[in-house]
Amino acid sequence: MSNRQIIKGALILSTAGVVAKILSAIYRIPLENFVGNTGFYVYQQVYPIYGLGMTLALNGLPVFISKLISEKATLTEQLVTSKIIFKYLMVLGVGLWAGLMLGSSLIAKLMGDVNLAHVIMAVSWMFLFLPILATGRGLAQGQHDMRPTAFSQVIEQIVRVLIIIGVAYVAMKLKWNVYFMGMLAMLSAPIAGGVASLFFIKNVPLFLSKTISSTKKQRQQIKQRLLTEGILVSSLVGLLLILQLIDSFSVRSALISSGIPSEQAKAVKGIYDRAQPLVQFGLVLATGFATSSLPSLRRLFLNKAQKVLRMTIMQLLKVTAWLAIMITMGLISLMPQINQLLFGTRTNSWTLAVYMLTIISMSLLLILTSILQSIEQTQSLGPGLIIAIGIKGALNTILVEKLGIMGASITTVCALVGMLSYIWLHVYQQLLLNGPLLKSFMLKLVGQSLLMLVVVRFITTFLEQIYSTSRSLTLVTIIIASSIGASISGYLLFKTKLLTVEEIEMLPLGKKILKLR
């Protein structure tokens, strides 16, 4: 597959991801405004469970399945593989549904809030749609057709967002209990999953067909890879959600231990959770590149095209790093204004700003995961995952008790940096990448991004000295400052030749950016 095909596939998924994440960010604004920080806390406490289910159905398992499919030379072999995976995922989906239904009370108790049990039960139904969504998307992506994944993702988010906003509005008008609101809002997940499944319903007869037979050896091989590589890769794609789940079990209790009253602790946790949609939006582009690049990298590896493989990897790393760092610095520089515009206050803006640093580490981790999958060197992913979860689990309660909610942001960033450092050393050793070139690139990129951050902060401070910091005028400040920041980053990109013409074309709207030059 050519680089242009990689770009096309990445663009399709990135565009769908942008639309979906915009919807995901937008619905949280009225949700938080309608139900308040405490209502937002209820929703966000259980959200990581939904997020992990979405990761399995949208990114993690489909990416793994697409790799298996791309290895098969004929359509028959691809269908045999899909059928085997579908049946195993049926067992997994039903098992997760049953576990959440039966264990909801225990999970809620461990989260420190027994009232969350029915909210957990509501979201559990989405796992019944996992087999058809994951297998259908994986089969299409393995055949280099990104459209079904993109379309189903957007429709799923539209349905879910409409339900959540409707529930939040009615809850505000009728003054519903926040836990009842949370339960109804979480029912949007299985409903939306059912609608998205309609895109792949035609595949079910093939997945269940008796005419497509498989051998015991084939089933055993796929089962082993699913239980090791598949679950591992899915865990890595959903790593940020796993860290958020640790927050769900520990942050509120740690805040209470530090002397904050229970109800206030819920509100503080709700404010902290404002960071999540912003981080998701920042990760959209990296997710698109990682998802669409895996089959192509895999074919280059199998064809022993080492030179082209290294060149493609270098390009993906540079483009991803540029996007991630520029987006992160932009969000950090404008965080007080973004916080006020979206949620009405600037409370804990610097806690949210620190959390934005996770975009850089997670973006690079997503690309590195695809690279390691493609070259059959995934053995470093397991220890890396343990490092991240270990750092977060060991330090979260301690730092939150000492530093307040800022401690939760710091531990998340440290966990991801620790994992990224470990995996990067492994990738660098395996591929013998051009170290001096990457070092020079990163030094220039960090310098340019810091310059942009300083200029944007100066502009926002200057503008707010001229007029008030009301919510409406904050939008004006964001538009002016972000436009100037984008112009600076674009000018420096061309002036220093940080990316090649081919790499710039890989960016969203890359050709238009080149014309603007």
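See the structure above.
Residues numbered from 1 in each chain as written. Predicted model: local features only at pLDDT ≥ 70, side-chain atom pairs only at ≥ 80, totals over all residues. Heavy atoms only, no water.

**Q** Explain the side chain of Gln 448 here, please?
**A** Structurally, Gln 448 can be placed in helix H19 (residues 435–466). With sequence-adjacent residues up to four places away left out, Gln 448 is seen in contact with Met 326, Leu 492, Leu 493, Thr 496 and Leu 498. (Helix = DSSP H or I, 4+ residues; strand = E, 2+ residues; numbered from the N terminus. Contact = heavy atoms within 4.5 Å.)

**Q** Would you take a moment to explain unusual backbone geometry for this structure?
**A** Generally, phi is negative for residues other than glycine and the peptide bonds are trans, each holding for most cases. Unusually for a residue other than glycine, Asn 348 sits at a positive phi of about 55 degrees. Within the secondary structure layout, Asn 348 lies in the loop between helix H14 (335–343) and helix H15 (349–355). Phi at Lys 497 is positive, roughly 55 degrees, even though this residue is not glycine. Among the structural elements, Lys 497 can be located in the loop between helix H20 (471–495) and helix H21 (501–506).

**Q** When you look at the pattern of salt bridges in this model, what are you seeing that I'm missing?
**A** A side chain with one charge may pair with a side chain of the opposite charge, provided their charged atoms come close. Scanning the model with the defined rule gives six salt bridges in all. With its nearest N and O atoms 3.1 Å apart, the salt bridge here joins Arg 137 to Glu 156. Within this pair, whereas Arg 137 is found in helix H4 (residues 130–142), its partner Glu 156 is found in helix H5 (residues 147–174), the two being separated by 19 residues in sequence. Look at Glu 156 and you get buried, because its relative accessible area is 2%. Ionic pairing is found between Lys 266 and Glu 263, a salt bridge with its closest N-O pair at 3.3 Å. With a gap of three residues between them, Lys 266 and Glu 263 both fall in helix H11 (residues 262–272), about one helical turn apart. A relative accessible area of 7% means that Lys 266 is categorised as buried. Within the structure, one salt-bridge network assembled from shared partners comprises Asp 113, Glu 263 and Lys 266. (Salt bridge = Lys/Arg side-chain N within 4 Å of Asp/Glu carboxyl O. Buried < 20%, exposed > 50% of the residue type's maximum accessible area, 1.4 Å probe, protein only.)

**Q** I keep staring at the packing of aromatic side chains and nothing clicks. Help me out?
**A** Where two aromatic rings form a pair, the distance of their centres and the angle of their planes describe that pair. Evaluated as defined, the whole model comprises seven aromatic pairs. Residues Tyr 272 and Tyr 355 carry aromatic rings whose centres are separated by 5.5 Å and whose planes lie at 85 degrees to one another, so their mutual orientation is edge-to-face. With Tyr 272 in helix H11 and Tyr 355 in helix H15, this pair connects stretches of sequence that are 83 residues apart. With respect to class, Tyr 272 is no different from Tyr 355; both count as buried. Three or more aromatic residues joined by ring pairs form one cluster here, namely Tyr 43, Tyr 47 and Tyr 50. (Phe/Tyr/Trp six-rings, centres within 6.5 Å; stacked < 30°, edge-to-face > 60°.)

**Q** Would you explain the environment of Gln 377 in this entry?
**A** Here Gln 377 lies in the loop between helix H16 (358–374) and helix H17 (381–403). Judged by its relative accessible area of 19%, Gln 377 is buried. Separated by 49 residues in the primary sequence, Gln 377 and His 426 place their C-alpha atoms 8.8 Å from one another. Look past the residues within four positions of Gln 377 in its chain and what remains in contact with it is Leu 372, His 426 and Gln 430.

**Q** I'm lost on the nonpolar core in this one. Help?
**A** One recurring pattern in soluble globular proteins is that nonpolar side chains are buried together. Leu 239, Trp 322, Met 356, Met 362, Leu 365, Ile 423 and Leu 445 are the most contacted members of the largest nonpolar core, which totals 80 residues. When residues in this core are grouped by element, the largest group, 14 residues, is from helix H13 (residues 306–333). In this structure Ile 423 touches Leu 365, Leu 368, Leu 372, Ser 380 and Leu 381, once residues within four positions along its chain are discounted. Judged by nonpolar contacts, the second largest core, of 63 residues, contains Ile 120, Tyr 179, Val 204 and Leu 226. (Core = buried A, V, L, I, M, F, W, Y, C linked by side-chain atoms within 4.5 Å.)

**Q** Please clarify how the packing of helix H2 (residues 75–110) against helix H9 (residues 216–237) should be interpreted in this entry.
**A** For any two helices packed against each other, one specifies the crossing angle of their axes together with the interaxial distance. Relative to each other, H2 and H9 sit at 55 degrees, their axes nearing to 10 Å. As the angle between them shows, H2 and H9 are arranged oblique. The chirality of how H2 crosses H9 is right-handed. Residues Val 80, Thr 81, Ile 84, Ile 85, Tyr 88 and Leu 89 of H2 pack against Gln 218, Arg 219, Ile 222, Lys 223 and Leu 226 of H9. Within the contact of H2 with H9, the residues separate by chemical class into seven nonpolar, two polar and two charged. (Axes fitted to C-alpha atoms, helices over the stretch in contact; angles between N-to-C directions. Parallel < 35°, antiparallel > 145°, perpendicular 65-115°, else oblique. Left-handed = near helix turned anticlockwise from the far one by under 90°. Nonpolar A, V, L, I, M, F, W, Y, C, P; charged D, E, K, R; others polar.)

**Q** Explanation requested: the packing of H13 against H14 in the structure shown.
**A** H14 packs onto H13 with a crossing angle of 70 degrees between their chain directions and a minimal axis gap of 5 Å. Taken together, the axes of H13 and H14 lie roughly perpendicular to each other. Contacts from Leu 331, Ile 332 and Ser 333 in H13 reach Met 335, Pro 336, Gln 337 and Ile 338 in H14. Residues that form the contact of H13 with H14 fall into these classes: five nonpolar, two polar and no charged.

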